[in-house]
Every structure is written in structure tokens, then in C-alpha cells.
Amino acid sequence: MLIRHRETWSIAERDATPEHVFLNRRSFVAGAALAGAALGTGIIGLPRGAMAAGEVDPSASLYPAKANPAYTISQAVTPEAVNTNYNNFYEYGETKHIADAAQALKIRPWMVSIDGMVDKPKEIAIDDLLKAMPLEERLYRHRCVEAWSMAVPWTGFPVKALVDFAKPLGSAKYMQVQTFLDPKMAPGQRGFVYTWPYVEGLTMAEATNDLAFMVTGAYGKPLPKAMGAPLRLALPWKYGFKSAKSIVKITFTDKRPTTFWQGLASNEYGFWANVNPGVPHPRWSQATEEVLGTSERRPTMIYNGYAEKVAALYTDIKGENIFM
Ligand SMILES: Nc1nc2c(c(=O)[nH]1)N[C@H]1C(S)=C(S)[C@@H](COP(=O)(O)O)O[C@H]1N2
Ligand SMILES: [Mo]
């Protein structure tokens, strides 16, 4: 794969403000030094697959899934090698270069439990879930709060299909998702700075919106570990941190979940996290974004360009900052 804009892309990383810097000055400095070292090698690397050499993904035959033409965007797809070598996955470290470390993630067997305010709690193996859900491919914008963006061909199924499968009670107001908790498998979970597991949440109206997508693959293949295999969210109108990776548990509740980043710094990260170029993060502007893999810095769009599909979800919410 030819990467023509390496220098510009590298600058994007140097300029990007990591989400976590408020936390711990020392770990930030260490992380920055590591990132610098990685840049020094001048290597972006090869696309990273879902499995390590010799492993076979039992879901491989389901890909590529048919593209849904209703969900496309007029911009070039971010090269796979750029995407799979520039990730946020704090379970595997605080730099963008966690693809090697993430190989420690064991994605089979993988059980997903559904509980809380549902008809009947259940547990389902990922391969059974994959068979039960209608897989399709969608090209989505992906915008991190750190002011970089990509265009990603995700494969998966609407969150709505999962909600129908889960049968939540009418009294459920939120869908909470939770990443695995296993410090043996994830070195990032061994420290005391973060509150694991990674938790995120949506209102039921958000979860059942057409755009909310449960991701199982990317680039026409099973999802690489670095991108949150075997099951993650893609919520393209929100900042990337809402799109939790490597999900093991989905809980329906009438209490708004305290999410991972909100729990660490509620003055910087809220529950809603809808993209808005006019509302800066307390430490940096959100007006523009670096399009990774290109030399472009472009204006950010409200709701990341998806206002038509989601703005109505927020018209009745008063007295809350829906853009952080
Ligand atoms: N479990 C988990 N999910 C996560 C994260 C994480 O650190 N752990 N990072 C989030 C952030 S900040 C972003 S921007 C996206 C990054 O997804 P990508 O690496 O596929 O681009 O994943 C989100 N989901
Ligand atoms: Mo992010």
C-alpha cells in the first residue's frame, strides 16, 4: 500500500492533543516520547488483520458484506494501513501505536451478555450473534475529539437490530455498553489511573436511530483487534470516544451511565459528545480536523455532517451541554 502523505500525517499526530493529558503529566510525557520514537522510524506499516499469523477467524466467510448505498460519503476512504496503525485503545496503551500490543486480545471464544431491563437476560456467542444479524457495509466519517478524522468502511448491523433482539422493557431509557475487563489480557488495565472497564451509553432514541451501527468488520474483513474486535460501536455524529470497542456486555437501564471519559474528567467529556465545530474542548478548538492519510485540514461539520439524521434527537434536551 502506497502512503504518499507520510510527513503531513505524522505532523497530525504530533499536533494532536491526546484526550488524556489532564490525567497525569508523567505518563503523558512518557507517551509523547514513545510516539516520537515511533515517528522517528518513519514507518506506518502494513494493514493489521483480525487474527495473528496462523489464527483463522471463524467469521471470515461473512465478509465482504454488501455495501448499503444509503450510507456513503463523498470523500476518499482512509487507507487501511493508516487506520489500523493509528488507534485509540487505552487498554493497550496511551499512544496511537497499539496494534502490536492489541494482538494479546483473545477474540474467541467471545460471549456477549445482554441484561438489565430486558424481557429475559441472555448470553450469546459472537458467531451466533453474527449469524442472527443482517450484516452490511457502510462508509462513515469518524471524528475523534483530538481533532483528527478518517473515512471508514465498517461492516456490521444497526444497533436497532440488536435492541430488537434484546427486547428491552418499555421502562428502559438507556443502553449501556461495556468493554471486557481482563488485566491479564490488557496491560493498560493494570494501572490505577483509569476506571476500568470502558463504559459508554446511549439513550434508547439514539440507539435506535438509523445511523447507530454495531461494527464487526472493516475494509471488507473481520475487524482488526486494534479497532476493537470482535464487536464495537460506530456513532458517526459523536466524537470517537463514544464508540466503545471490544464489547462484552449490553445493559438496558433507566439510569444514565457514567461513561469512561466522563468519570475521569467530567469538565472535559460529557455524556452527549455530539460533534460541533463551534463548541471548543476546554483545551483546544474543534473548528477544524486533520483528515488522516491526506494533506487536508478541513472545517468540521455540525454533528459531523449527519445533522439531517440526528439533530431532531436533541431538540427537547434543555439545560445540558449536548456538544461535550
Ligand atoms: N474500549 C475502548 N474503546 C474505545 C477507546 C478505548 O480506549 N477503549 N477509545 C475511543 C476513542 S477515544 C476513539 S477516537 C475510538 C478510536 O477508534 P479507532 O482506533 O478505530 O479509530 O475508539 C473509542 N473506543
Ligand atoms: Mo478519541
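Residues numbered from 1 in each chain as written. Chains lettered and ligands numbered in written order. Predicted model: local features only at pLDDT ≥ 70, side-chain atom pairs only at ≥ 80, totals over all residues. Heavy atoms only, no water.

### Focus on the pattern of salt bridges
Phase 1 of the analysis: One pass over the structure, following the stated rule, counts 16 salt bridges.
Phase 2 of the analysis: Among the salt bridges present, the one from Asp57 reaches Arg108, with a minimum N-O distance of 3.5 Å. Of the two residues, Asp57 is situated in the loop between helix 2 (25-40) and helix 3 (80-83) and Arg108 in the loop between helix 3 and strand 1 (111-116); the sequence distance between them amounts to 51 residues.
Phase 3 of the analysis: Among the residues examined, Arg108 registers a relative accessible area of 17% and is labelled buried.
Phase 4 of the analysis: Among the salt bridges present, the one from Asp254 reaches Lys255, with a minimum N-O distance of 3.4 Å.
Phase 5 of the analysis: Exposure remark for Lys255: the relative accessible area of 57% places this residue in the exposed category. (Salt bridge = Lys/Arg side-chain N within 4 Å of Asp/Glu carboxyl O. Helix = DSSP H or I, 4+ residues; strand = E, 2+ residues; numbered from the N terminus. Buried < 20%, exposed > 50% of the residue type's maximum accessible area, 1.4 Å probe, protein only.)

### Things to note about the side chain of Thr203
Phase 1 of the analysis: Of note, Thr203 is situated in strand 6 (residues 199-203).
Phase 2 of the analysis: Among the polar contacts made by the side chain of Thr203, one reaches the main-chain amide nitrogen of Glu206 at a distance of 3.0 Å.
Phase 3 of the analysis: Not counting chain neighbours up to four residues away, the residues in contact with Thr203 comprise Lys173, Tyr174, Phe271 and Trp272. (Polar contact = N/O pair within 3.5 Å; in protein donor to acceptor, adjacent residues only side chain to side chain. Contact = heavy atoms within 4.5 Å.)

### So, the nonpolar core
Phase 1 of the analysis: Counting 92 residues, the largest nonpolar core has Trp154, Met175, Met214, Ile250 and Phe252 as the members making the most contacts within it.
Phase 2 of the analysis: Counting residues per element, this core draws most heavily on strand 4 (residues 148-158), at 6 residues. (Core = buried A, V, L, I, M, F, W, Y, C linked by side-chain atoms within 4.5 Å.)

### Thoughts on the side chain of Arg143
Phase 1 of the analysis: By the secondary structure assignment, Arg143 is in strand 3 (residues 136-143).
Phase 2 of the analysis: Side-chain polar atoms of Arg143 contact the side chain of Gln286, separated by 2.9 Å.
Phase 3 of the analysis: At 3.0 Å, the side chain of Arg143 forms a polar contact with the side chain of Thr300.
Phase 4 of the analysis: Beyond its immediate sequence surroundings of up to four residues, Arg143 is in contact with Trp148, Ser149, Lys238, Tyr239, Gly240, Val275, Gln286, Thr288, Glu289, Thr300 and Asn304.

### Focus: the site of ligand 1
Phase 1 of the analysis: Glu19, Tyr90, His142, Arg232 and Lys245 are the nearest of the 18 residues found near ligand 1.
Phase 2 of the analysis: Contacts to ligand 1 include Thr179, whose side-chain N or O atom sits 3.0 Å from a nitrogen atom.
Phase 3 of the analysis: Ser243 is positioned such that a nitrogen or oxygen atom in its backbone is 2.9 Å from a nitrogen atom of ligand 1.
Phase 4 of the analysis: In the complex, 100% of the free accessible area of ligand 1, which totals 530 Å², lies under the protein chains.
Phase 5 of the analysis: Counted by class, the shell around ligand 1 contains 8 nonpolar, 6 polar and 4 charged residues. (Near = heavy atom within 4 Å. Areas by Shrake-Rupley, 256 points an atom, 1.4 Å probe, with all protein chains shown as cover. Nonpolar A, V, L, I, M, F, W, Y, C, P; charged D, E, K, R; others polar.)

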